[in-house]
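Descriptive analysis of the structure
So you can see what is in the structure, the chains are spelled out below.
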Amino acid sequence: MRPVLRPLGALDLDRAAALHAEAFVPFGERAWTRQDVAELLASPGVAGLLLEVNGGDAGLAICRVAADEAELITIAVRPAYRRRGAARHLLTAVITHVRSAGARSLFLEVAADNPGAQRLYEQSGFCAVGSRPAYFRRGDGPAADALVMRLDLD
């Protein structure tokens with residue numbers, strides 16, 4: 001795997017929406033549209049990263065920094081690149097970015113029914129600090145709870 005990270009920009013909106021859909025629609029979540037991604041990237045303090053492997057899109061991460069706190073909004077990885085280090089690569093880049101932007105803590109919400117993602121975050125130093133009942137919509141089925149996690153960056 002030859003990963004290349006670059007900023008997610010206006011010319012990448014369709015690619016970002018496709019990555020998000022491929023990563024989350026199979027779990028019953030609503031796919032982000034091109035407009036959703038555009039509005040998010042236009043928000044204050046928001047930055048996105050696109051991960052390419054061997055010239056193809058492998059994943060993306062979007063985060064937000066406000067004052068000394070940051071939020072990991074999403075990490076979306078194509079199924080073909082899961083369990084191959086893509087999410088860890090994106091997470092490491094997000095941590096580096098938000099730390100350099102002055103954040104002292106990084107928060108995220110992870111689905112309670114996603115133990116693989118929870119393990120990734122725990123291995124990276126995140127600790128559970130709360131929960132959000134019925135946070136992730138799952139199509140016609142019941143919504144999944146979110147586990148709120150925090151990483152101290154000091």
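Presented here is a report on the structure given in the accompanying data block. (Residues numbered from 1 in each chain as written. Predicted model: local features only at pLDDT ≥ 70, side-chain atom pairs only at ≥ 80, totals over all residues. Heavy atoms only, no water.)

1. Examining the pairing of strand β3 (residues 56–66)
Taken residue by residue, a regular strand's side chains alternate between the two faces of the sheet. This is how it is decided: Note on classification: 1.4 Å probe, protein chains only; a residue is buried when its accessible area is under 20% of the maximum for its type, exposed when over 50%, partly exposed between these limits. A run of H or I in DSSP counts as a helix once it spans at least four residues, and a run of E counts as a strand once it spans at least two, with each numbered from the N terminus. Pairs of strands are assigned from DSSP output, requiring at least two bridges between the strands.
With 8 of 11 residues buried, β3 is to be regarded as a mostly interior element. Here strand β2 (residues 46–53) runs beside β3; their pairing, made up of 8 bridges, is antiparallel. Paired with L50 across the strands is L60, a residue of β3. The turn linking β2 back onto β3 is made up of 2 residues, and N54 within it adopts a positive phi angle of 50°. One ladder, built from 8 bridges, connects β3 with strand β4 (residues 69–77); its direction is antiparallel. In the sheet register, V65 faces β4, and the bridge partner there is A70. Where β3 hands over to β4, the hairpin turn is made up of 2 residues, of which A67 adopts a positive phi near 55°.

2. Details of the layout of surface pockets
Rolled over the atoms, a probe sized like a water molecule indicates the empty space that remains. Let me state the cut-off plainly: The definitions used throughout rest on a 1 Å grid laid over the protein atoms alone, on which a cavity is an enclosed set of points accommodating a 1.4 Å probe that cannot get out and a pocket is an open set flanked by protein within 12 Å on both sides along at least five of seven lines; lining residues are those having an atom within 4 Å of a point. Grid points are joined across faces, edges and corners, and a volume is the space filled by probe spheres set on the points. When residues are grouped by polarity, Ala, Val, Leu, Ile, Met, Phe, Trp, Tyr, Cys and Pro land in nonpolar, Asp, Glu, Lys and Arg in charged, and all others, Gly among them, in polar.
The calculated volume of the largest pocket comes to roughly 1300 Å³. Contributing to the lining of the largest pocket are 42 residues, with F24, I75, N114, A117 and Y121 lying nearest its centre. Mapped onto the lining of the largest pocket, the elements with two or more residues apiece are α1 (13–24), α2 (34–41), β4, α3 (86–100), β5 (105–111), α4 (115–123) and β6 (127–138). Classifying every residue of the lining of the largest pocket by side-chain character gives 22 nonpolar, 6 polar and 14 charged.

3. Overview of the packing of aromatic side chains
What characterises a pair of aromatic rings is the spacing of the ring centres plus the angle enclosed by the ring planes. Put simply, the test is: Centre distance within 6.5 Å is the pairing criterion for rings of Phe, Tyr and Trp, where only the six-membered ring of Trp is used; planes under 30 degrees apart are then read as stacked, over 60 as edge-to-face, and the remainder as tilted.
Across all of its chains, the model carries 2 aromatic pairs by this definition. Aromatic pair Y121 and F126: ring centres 5.6 Å apart, planes at 65°, arrangement edge-to-face. As far as burial versus exposure is concerned, Y121 and F126 are alike and both buried. The interplanar angle of 85° and the centroid separation of 5.0 Å between the aromatic rings of Y135 and F136 together place this pair among those described as edge-to-face. On the accessibility criterion, Y135 (37% relative accessible area) is partly exposed. Residue classification places F136 among the buried positions, given a relative accessible area of 16%.

4. Describing the sheet that holds β3
Selection criterion: Axis geometry follows a simple rule: fit a line to the C-alpha atoms, using only the stretch in contact for helices, then measure angles between N-to-C directions, giving values from 0 to 180 degrees. Note on definitions: a residue-residue contact is assigned when non-hydrogen atoms from the two residues lie within 4.5 Å.
As summarised here, the arrangement of the 7 strands in space is β1-β2-β3-β4-β5-β7-β6, forming an open sheet in which the pairing is mixed. Each having just a single partner strand, β1 (3–7) and β6 make up the two edges of the open sheet. Adjacent strand axes in the sheet meet at a mean angle of 25° when their direction is disregarded. Where α3 meets the sheet, it contacts β1, β2, β3, β4, β5 and β7 (141–152), and its direction lies at approximately 160° from that of β4. Here α4 sits on the sheet in contact with β4, β5 and β7, set at roughly 160° to β5.

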